[in-house]
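# Understanding the architecture of this molecule
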Amino acid sequence: MTLPPWQVVLWATLYFAALYFLTGALTGWLTQSLLPRMGLGRVLDQRPLRPGQLRREIAESCGSILLFGFGALVPWWLLRSGLAGLATQTSAPRIGIEFAALFLWNELHFYLCHRLLHTRPLRRFHAHHHRSLTPTPFSTYAFHPVEALLLGSVPILPMLVHDFSPIALFGLPVMSIVLNNLGHANYEFSRRAPAGGPLAASRRHHLHHAVYHGNYGFLLDVFDRLAGTTIAAGAADHLAAPSSGKDSRE
Ligand SMILES: [Zn+2]
Ligand SMILES: [Zn+2]
């Protein structure tokens, strides 16, 4: 890695900003325009946004993006110091396995950090994110800096134990923000309600915002099931449109 530190910060900030705004705009268009017109899926929470919510979410997310930009200096320094390395020879199967490993680690890391953020000492920092009672695609990076630091630490441990392909490392934030959009879309992308499989993540994380206690995991519900912290799928059905629990038209 020969980039000077200021360029690392600049490019990383631009990368995270592009991911945030592009995926947020795409999810907004899908859930407010395309999918409702196709009669596919349903809005999960009909409550209006709080006054100034979108502006606050974007402002807080810009703070997180800047922090992630500066945070990129940590992996950069790990690579420079030789504490971590990049794979010189890559192949499609290797990249696939690395993505799968990073996905599983990302889920476990999120679950652990999220449980920590719901403990008494850290709850006040996480309260920033929970101000979005009805989540939006722009809630994805709306964190207090303490939460952004915790969640942004996700690549450190994997990099210390394995030399990843660059594409897997650069793909981690992409995978993470796509899952994040799924969770904060306030939309169930499924013909049946409640959705099953990976698409159930949008209802699960909406329930976390609506009920607060429970559903601390993201795409995988295995950690919540093991810990007994699963929220019943219909716990917030009263917040959806009257017909939306029955079929796909909404
Ligand atoms: Zn939470
Ligand atoms: Zn959330």
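This is a predicted model, so every value here is computed, not measured.

Taken together, His129 (NE2), His184 (NE2), His205 (NE2) and His209 (NE2) make up the protein donors of the zinc ion (ligand 2), found 2.1 Å from the metal. Geometry at the zinc ion (ligand 2) is irregular, judged from its four donor atoms and the angles of 93 to 156° they form at the metal. Sequence positions of the residues that donate to the zinc ion (ligand 2) give the spacing H-x54-H-x20-H-x3-H. Taken as a pair, His129 in helix 5 (residues 123-130) and His205 in helix 9 (residues 200-211) lie far apart in primary sequence, 76 residues in all. Taken as a pair, His129 and His205 share a single burial class, namely buried.

Looking now at the pattern of salt bridges. Summed over the entire model, instances satisfying the criterion amount to nine salt bridges. In this structure, Glu98 engages Arg94 in a salt bridge whose closest nitrogen and oxygen atoms are separated by 3.0 Å. One end of the pair, Glu98, and the other, Arg94, are both in helix 4 (residues 92-117), four residues apart, so they sit about a helical turn from each other. Under the relative-accessibility criterion, Glu98 is labelled buried at 4%. Asp221 serves as the salt-bridge partner of Arg225, at 3.3 Å between the closest nitrogen and oxygen. Taking the relative accessible area as the measure of exposure, Arg225 reaches 56% and is therefore exposed. Note on Asp221: relative accessible area 25%, which makes it partly exposed.

Attention now goes to the coordination of the zinc ion (ligand 1). The zinc ion (ligand 1) binds to the protein through His114 (NE2), His118 (NE2), His126 (NE2), His130 (NE2) and His208 (NE2); the donor distances cover 2.0 to 2.2 Å. Positions of the donor residues of the zinc ion (ligand 1) along the chain correspond to the pattern H-x3-H-x7-H-x3-H-x77-H. Of the two residues, His130 sits in helix 5 while His208 sits in helix 9, which places them 78 residues apart along the sequence. Per residue, the accessibility class of His130 equals that of His208, and both read buried.

Summary statistics for the protein give a mean pLDDT of 92 and a share of 96% for residues scoring 70 or more. This stretch, residues 243-250, has a pLDDT under 50; its non-local contacts, to residues over four places away or in other chains, come to 21 contacts.

The residue Val9 is located in helix 1 (residues 5-38) in this model. Taking the C-alpha atoms as reference points, Val9 and Trp76, 67 residues apart in sequence, are found 9.8 Å from one another. Leaving out residues up to four positions away in the same chain, Val9 has contacts with Gly69, Phe70 and Leu73.

The next point concerns a nonpolar patch on the surface. A surface patch of nonpolar side chains, about 540 Å² in accessible area, is lined by Leu3, Trp6, Leu10, Trp11 and Leu14. Among the structural elements, Leu14 can be located in helix 1.

Let us look at unusual backbone geometry. Backbone torsion omega between Ala193 and Pro194 reads -5°, so that peptide bond is classified as cis. The residue Pro194 is located in the loop between strand 2 (187-188) and helix 9 in this model. The phi dihedral of Asn186 falls on the positive side, at around 55°, and the residue is not glycine. Counting through the fold element by element, Asn186 comes out in the loop between helix 8 (166-184) and strand 2. Its identity as a non-glycine residue notwithstanding, Tyr212 has a phi of 80°, on the positive side. Position of Tyr212 among the secondary structure elements: in the loop between helix 9 and helix 10 (222-227). Since its relative accessible area comes to 23%, Tyr212 is described here as partly exposed.

Before going further, it helps to spend a moment on the UniProt feature "domain: Fatty acid hydroxylase" (unreviewed entry) in the protein. When the UniProt feature table is mapped onto this chain, "domain: Fatty acid hydroxylase" (unreviewed entry) is found at residues 100-229. In residues 100-229, helix accounts for 59% and strand for 2%; the two terminal C-alpha atoms are 25 Å from one another.

The rules behind these values
Residues numbered from 1 in each chain as written. Chains lettered and ligands numbered in written order. Predicted model: local features only at pLDDT ≥ 70, side-chain atom pairs only at ≥ 80, totals over all residues. Heavy atoms only, no water. Donors = N, O, S within 2.8 Å, 3.2 Å for Na, K, Ca; no water. Tetrahedral: all angles 85-135°; square planar, octahedral: opposite > 155°, others 65-115°. Helix = DSSP H or I, 4+ residues; strand = E, 2+ residues; numbered from the N terminus. Buried < 20%, exposed > 50% of the residue type's maximum accessible area, 1.4 Å probe, protein only. Salt bridge = Lys/Arg side-chain N within 4 Å of Asp/Glu carboxyl O. pLDDT = per-residue confidence, 0-100. Contact = heavy atoms within 4.5 Å. Patch = residues over 30% accessible without salt bridge, like charges linked within 9 Å, V, L, I, M, F, W, Y side chains within 5 Å. Areas by Shrake-Rupley, 256 points an atom, 1.4 Å probe, with all protein chains shown as cover. UniProt positions renumbered as here; feature names shortened; annotations may be inferred.

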